Amino acid sequence: MSAAANAPAIRLVNLTLGYDRRPAVHHLEGEIAPGEGLAVCGPNGAGKSTLLKALAGLLAPLGGDIHFGGLSPRAVAYLPQVVDIDRAFPINVRDFVAMGALARVGLFGALNAAEQIRVGAAIETVGLVGFESRTLETLSGGQMQRALFARLIVQDQPVILLDEPFGAIDAATIDDLLALIARWRAEGRTVVAVLHELDIVRRAFPRTLLLARECIFWGDTRDALCEKNLVRARAMSEAFDERARDCLRDEFDAEDRLHVH
Ligand SMILES: Nc1ncnc2c1ncn2[C@@H]1O[C@H](COP(=O)(O)OP(=O)(O)OP(=O)(O)O)[C@@H](O)[C@H]1O
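Remember, predicted model here, so these are calculated numbers, not experimental data.

Cut-offs used in this document
- Residues numbered from 1 in each chain as written.
- Predicted model: local features only at pLDDT ≥ 70, side-chain atom pairs only at ≥ 80, totals over all residues.
- Heavy atoms only, no water.
- Pairing = 2+ DSSP bridges.
- Helix = DSSP H or I, 4+ residues; strand = E, 2+ residues; numbered from the N terminus.
- Axes fitted to C-alpha atoms, helices over the stretch in contact; angles between N-to-C directions.
- Buried < 20%, exposed > 50% of the residue type's maximum accessible area, 1.4 Å probe, protein only.
- Lys, Arg positive; Asp, Glu negative; His and termini not counted.
- Salt bridge = Lys/Arg side-chain N within 4 Å of Asp/Glu carboxyl O.
- Contact = heavy atoms within 4.5 Å.
- Near = heavy atom within 4 Å.
- Polar contact = N/O pair within 3.5 Å; in protein donor to acceptor, adjacent residues only side chain to side chain.
- Parallel < 35°, antiparallel > 145°, perpendicular 65-115°, else oblique.
- Left-handed = near helix turned anticlockwise from the far one by under 90°.
- Nonpolar A, V, L, I, M, F, W, Y, C, P; charged D, E, K, R; others polar.

Undergrad: Could you give an account of the sheet that holds strand E2 (residues 22-32), with specific residues and numbers?
TA: Across the sheet, which stays open at both edges, the three strands sit in the order E2-E1-E4 with antiparallel pairing between neighbours. Strands with a single pairing partner mark the edges of an open sheet, and in this sheet they are E2 and strand E4 (63-67). Strand-to-strand, the axes of this sheet are offset by a mean angle of 25 degrees, without reference to chain direction. Judged from the four bridges that link them, strand E1 (residues 10-19) and E4 form a sheet pairing that is antiparallel.

And the structure:
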């Protein structure tokens, strides 16, 4: 694998993210060090995927900024949630993994010998030899996840973002993919992963950002995931949902008033 290991520090400065000008995550401040393994945890709707999309350059901040230390936002490899991936798209495993080389060879460029070797090696690393001609829709959940990781290997970027990479896959596959993440980090790459499995976070991610629409804790994983912080995250999230319901009620009341008069 080539040396895409010069990951920059990524700095979040008073970062607020949201949709249609409605904030979903507020005022995040912090730094992700080069080569760090950062887990992003929190209840449903806490804003974890929103943060990852912003780090991937797919969502512009409503406020504040993300500093990539001079690195192009294209130097980020992003694995979206499996539910966001169209597996019915008629493409086989080899071509899907080769899509990781797109930034280097262009949309219509042919893979040269070095890229072909890289694709083959990635397929071998994730244990999918023999599956090269299979279409995505014929893969099991775990095999699909391996194919996605192979594509990340081919992308060969210094910053890797993973959104719930271990949903519904078995322990053996999780172990293999965790080994790959450890290897990426040993090469100096930064890995940021949204995870619900707290045992995996404790095992494999030294640092954690616990989110509940705002930062509850950002630091060592053991401290971040203590009972007190987890309870607080849940409470903050529920309080935010209550407030959101109240806001919606106000809006509907206002609409009713408009219709009456
Ligand atoms: N495309 C969108 N348009 C409008 N609102 C959105 C959009 N995507 C997410 N949201 C809202 O932003 C908030 C944060 O969502 P996000 O998906 O980031 O949460 P999450 O922490 O990843 O949740 P989960 O654990 O359920 O995946 C939620 O209230 C969600 O409804």
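Undergrad: Give a detailed account of the side chain of glutamate 132, specifying residues and quantitative values.
TA: Along the polypeptide, glutamate 132 turns up in the loop between helix H4 (113-125) and helix H5 (141-155). Arginine 94 provides the closest opposite charge to the buried, unpaired glutamate 132, separated from it by 4.6 Å. For glutamate 132, the contacting residues outside a window of four places in its chain are Asn92, Val93, Arg94 and Ile123.

Undergrad: I'd like a description of the pairing of strand E8 (residues 207-211), backed by residues and values.
TA: Counting buried positions along E8 gives four out of five residues, so the element sits mostly inside the fold. As defined by bridge partners, strand E3 (residues 37-41) adjoins E8 across four bridges and the pair is classed as parallel. Bridge pairing links cysteine 41 to leucine 210 in E8. Across five bridges, E8 lies against strand E9 (residues 215-220) in antiparallel orientation. Within E9, the position partnered with leucine 209 by the bridge is tryptophan 218. Two successive antiparallel strands, E8 and E9, enclose a turn made up of three residues, where arginine 213 displays a positive phi of approximately 70 degrees.

Undergrad: Provide a residue-level description of the sheet that holds strand E5 (residues 76-79), including the pertinent values.
TA: One open sheet holds the six strands; their spatial order is E5-E6-E7-E3-E8-E9, and the pairing between them is mixed. The open sheet has two free edges, formed respectively by E5 and E9, since each of these has just one partner strand. In this sheet, neighbouring strand axes are inclined to one another by 15 degrees on average, regardless of whether the strands run parallel or antiparallel. Packing against the sheet, H5 makes contact with E5 and strand E6 (159-163), and its axis sits at approximately 175 degrees to E5. Taken strand by strand, helix H6 (residues 171-186) contacts E3, E6 and strand E7 (190-194), and its axis lies near 145 degrees from that of E7.

Undergrad: Hey, could you go over the site of the ligand for me, with residue numbers and the actual values?
TA: Surveying the vicinity of the ligand reveals 14 residues, the closest of which are Gly45, Lys48, Ser49, Thr50 and Arg213. A distance of 2.5 Å separates an oxygen atom of the ligand from a polar atom in the side chain of threonine 50. A distance of 3.5 Å separates an oxygen atom of the ligand from a polar side-chain atom of glutamine 81. By residue number, the principal contributor to the shell around the ligand is helix H1 (residues 48-55), which donates three residues.

Undergrad: So what's going on with the packing of H4 against H5? Which residues, and what values?
TA: Between H4 and H5, the least distance of the axes is 9 Å, while the angle of their chain directions is 140 degrees. The orientation of H4 with respect to H5, classified from their angle, is oblique. Pair H4 / H5 crosses with right-handed handedness. On H5, the residues touching Arg118, Val119, Ala122, Ile123 and Thr125 of H4 are Ala150, Ile153 and Val154. Split into classes, the residues belonging to the contact of H4 with H5 amount to six nonpolar, one polar and one charged.

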